[in-house]
Amino acid sequence: MDLHNIDKFLCPTDINKVSDWGEGLSWVAGGTWLFSEPQPNINTLVDIQSLGWDEIELVNLPDSHQGKLLAIGATCPLIKLLQHPWLCEYTAVEGFKGAISALSASLKVVNVATVGGNICLALSVGTLAPIMVALDASYEILNRSRKSRIVAARDFQIGSRQTLLESGELLRRVLIPVENMKWQVNYRRFGIVASDPALAIVVGAYNRFGKKLRLVIGGSVVAPQLLEFDPRVETGLNYMASVDNIDFIEDARGSAVYRREITQVLIRRCLESLGF
Ligand SMILES: Cc1cc2nc3c(=O)[nH]c(=O)nc-3n(C[C@H](O)[C@H](O)[C@H](O)COP(=O)(O)OP(=O)(O)OC[C@H]3O[C@@H](n4cnc5c(N)ncnc54)[C@H](O)[C@@H]3O)c2cc1C
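Note that the structure is a prediction, hence the values are computed from the model and not measured. (Residues numbered from 1 in each chain as written. Predicted model: local features only at pLDDT ≥ 70, side-chain atom pairs only at ≥ 80, totals over all residues.)

**Student:** Any chance you could explain the overall build of the protein chain here in plain terms?
**Tutor:** Secondary structure assignment for the protein chain yields eight helices and 14 strands. What you see for the protein chain is a C-alpha radius of gyration of 19 Å, in line with the 19 Å of a compact globule of 276 residues. Overall, the C-alpha framework of the protein chain stretches about 55 × 45 × 30 Å when taken along its three principal axes. Burial analysis of the protein chain (276 residues in total) assigns 37% to the buried set. Residue pairs in contact within the protein chain that sit at least 24 positions apart in sequence constitute 65% of those at least 6 positions apart. (Helix = DSSP H or I, 4+ residues; strand = E, 2+ residues; numbered from the N terminus. Rg over C-alpha atoms; globule rule 2.2 N^0.38 Å. Buried ≥ 20, exposed ≤ 12 C-beta atoms within 10 Å, placed from the backbone. Contact = placed C-beta atoms within 7 Å.)

**Student:** Whenever I open this one, helix α8 (residues 256-273) confuses me. Can you help?
**Tutor:** At 3.6 residues per turn, the α-helix brings residues three or four places apart onto the same side. A rise of 1.5 Å per residue sets the reference length of α8, with its 18 residues, at 26 Å; its end C-alpha atoms lie 26 Å apart and thus fit the reference within 8%. Along α8, the residues that are buried comprise Arg259, Arg260, Ile262, Thr263, Leu266, Ile267, Cys270 and Leu271. For α8, the secondary structure elements touched by its buried residues are β11 (184-190), β12 (200-207), β13 (212-218) and α7 (236-241). Once α8 ends, the next one or two residues include Gly275, with phi positive near 90°. (Expected span 1.5 Å × (residues − 1).)

**Student:** Could you clarify how one ought to interpret helix α2 (residues 93-101) in this entry?
**Tutor:** Three or more residues of α2 are buried, namely Gly95, Phe96, Ala99 and Ile100. Buried positions in α2, seen along its axis, are confined to an arc of 130° and lie on one side of it. Looking at the buried residues of α2, the elements they touch are α1 (78-83), α3 (107-112), α5 (129-134), β11 and β12. (Arc of directions from axis to C-beta.)

**Student:** Would you take a moment to explain the sheet that holds strand β14 (residues 225-229) for this structure?
**Tutor:** Backbone hydrogen bonds hold the strands of a sheet together, and the pairing may be parallel or antiparallel. The strand order across the open sheet built from four strands is β11-β12-β13-β14, with neighbouring strands paired in antiparallel fashion. Strand pairing shows two members of the sheet lacking a second neighbour, β11 and β14, which therefore form its edges. Shown here is a sheet whose adjacent strand axes are inclined to one another by a mean of 15°, direction ignored. Here β13 runs beside β14; their pairing, made up of five bridges, is antiparallel. By the bridge assignment, Leu213 is partnered in β14 with Phe229. Along the sheet face, α2 touches β11 and β12 and points at about 10° away from the line of β11. The strands that α8 touches are β11, β12 and β13; relative to β12, the one it contacts most, it runs at about 30°. (Pairing = 2+ DSSP bridges. Axes fitted to C-alpha atoms, helices over the stretch in contact; angles between N-to-C directions.)

**Student:** Explain the site of the ligand to me, please; I cannot follow it from the model alone.
**Tutor:** The immediate surroundings of the ligand are formed by 31 residues, with Gly30, Thr32, Gly116, Gly117 and Asn118 found nearest. Every element with two or more residues in the shell around the ligand is listed here: β2 (25-28), α4 (115-121) and β10 (170-177). The element that contributes the greatest number of residues to the shell around the ligand is α4, accounting for five residues. When the residues that make up the shell around the ligand are grouped by side-chain class, the tally is 19 nonpolar, 12 polar and no charged. Counting the residues that make up the shell around the ligand, at least three belong to each of domain 1 (8-50) and domain 2 (52-179). (Near = placed C-beta within 6 Å. Nonpolar A, V, L, I, M, F, W, Y, C, P; charged D, E, K, R; others polar. Domains from an automatic or database assignment.)

**Student:** Before we go on, may I ask you to explain the sheet that holds strand β6 (residues 138-142) in this structure?
**Tutor:** Strand order in the open sheet formed by five strands is β4-β5-β10-β6-β7, with antiparallel pairing between adjacent strands. If you trace the sheet from one side to the other, it starts and ends with β4 (56-59) and β7 (148-152), each paired once. When strand polarity is set aside, the average angle formed by the axes of neighbouring strands in this sheet is 30°. Strand direction decides the pairing type here: β4 and strand β5 (residues 69-73), joined by four bridges, are antiparallel. Bridged to Ile56 within β5 is Ile72.

**Student:** Hey, could you run me through unusual backbone geometry in this one?
**Tutor:** Non-glycine residue Asp136 carries a positive phi angle of around 60°. Secondary-structure assignment places Asp136 in the loop between α5 and β6. Even without being glycine, Arg146 reaches a positive phi, approximately 65°. Examined against the element boundaries, Arg146 turns out to sit in the loop between β6 and β7. Given 13 C-beta atoms within a 10 Å radius, Arg146 is considered partly exposed.

Here it is in structure tokens:
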């Protein structure tokens, strides 16, 4: 839709040139959400697509204890995650595919929506956040002085449409330990129909070598919730009981009880797919 109150559209090629951040400014990436509803409080859009932050590459960060990292730039379009020539050993790519096909949107949206836009929008039905939490990713965030800090994906989203980002901060890139890309991953989503937002999402990630199982609940809760298990000592009953103390969303689309039940069904299917 047209946003009639926008009077300035900036396309910086260098982020350091955006210095006077204030009220009424907003970053725009793919724009698939920003242009889908009225934005009465915004008068200036700062397009970050021209910054060239759409890389998918391996990096070593001197301060990281997680070894070599896969870096995915914030403006990487979702479609690029599907089309990238991934190494076969990166079994976790299945999780990216699951997340993108779980989006209740057309190919038109998938072509332009970005990784950063999806994560920063932080919808409770957000499709990428659960897989990033499952893979123990972290996010590099730039502040207004363009200094960077790293935040764990599991801590980033603190509610529905709420993140740790402060005014003027932006997500620069997602960092995933390369070893975690070799985990077995299964992404499950349930919605009334495919074009409806998800009612529940469950992502399972299993590290065969470290014998660790991570389950992430999304869609049915306000922000992704991580549950960690040691499958050598825990049983199917533990996995099911682990959702007992989670607060599920209760709204016109489904009760909390219903969402809990659906989540348990998805957990069961996810575990079966991972060989448990
Ligand atoms: C029909 C339809 C169905 C949809 N279904 C789903 C769905 O099922 N699941 C889902 O998760 N989403 C869904 N969306 C919402 C949205 O389109 C996607 O989440 C998309 O990935 C957002 O990415 P974008 O690049 O278009 O973000 P934009 O619309 O450009 O931006 C979204 C928000 O993120 C901020 N932002 C963008 N990039 C950054 C950055 N690097 N740093 C800081 N802030 C940033 C913007 O300021 C804005 O507030 C749907 C949208 C439509 C139109």
